[in-house]
Amino acid sequence: MDLKAEHKVFSQEYVIDWNGTRAYQVAYPSCSYDTAKVNASKLLTNTNILSYIEEIQQDIKKLAGVSA
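Model, not experiment: these values are computed from the prediction.

(A) Focus on the side chain of H7. Mapped onto the secondary structure, H7 falls in helix 1 (residues 5-17). The class for H7 is buried, based on a relative accessible area of 13%. The contact partners of H7, leaving out residues within four places of it in the chain, are Y28, L43 and I49.

(B) Structural detail: the packing of aromatic side chains. Under the defined criterion, the tally for this structure stands at 4 aromatic pairs. Relative to Y14, the ring of F10 lies with its centre 5.9 Å away and its plane at 20 degrees, an arrangement referred to as stacked. Of the two residues, F10 and Y14 both sit in helix 1, 4 residues apart, roughly one turn of that helix. Summarising the burial analysis for this pair, F10 and Y14 share the class buried.

Rules used in this analysis
- Residues numbered from 1 in each chain as written.
- Predicted model: local features only at pLDDT ≥ 70, side-chain atom pairs only at ≥ 80, totals over all residues.
- Heavy atoms only, no water.
- Helix = DSSP H or I, 4+ residues; strand = E, 2+ residues; numbered from the N terminus.
- Buried < 20%, exposed > 50% of the residue type's maximum accessible area, 1.4 Å probe, protein only.
- Contact = heavy atoms within 4.5 Å.
- Phe/Tyr/Trp six-rings, centres within 6.5 Å; stacked < 30°, edge-to-face > 60°.

Rendered as C-alpha cells:
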C-alpha cells in the first residue's frame, strides 16, 4: 500500500482514540481545527487509508493477544 507519510501518521494517530480531528492535526500541524474536522472526514472515506487502519487494528490485536 502506497500512502503519503501524512496519511500514515493520520491513520496511526486515529487508532489511538478514534478522534479524526486530533489525528489530522497531528499529521498536518499547521491546519486549523475547522479544516482538520472537515478533512479528517474526507480521509476516512479513502479506501487505502481505511485498509491501513484495519491493518493497524489487526497488528494491535495480535500484540494484545485478543481474538474474537
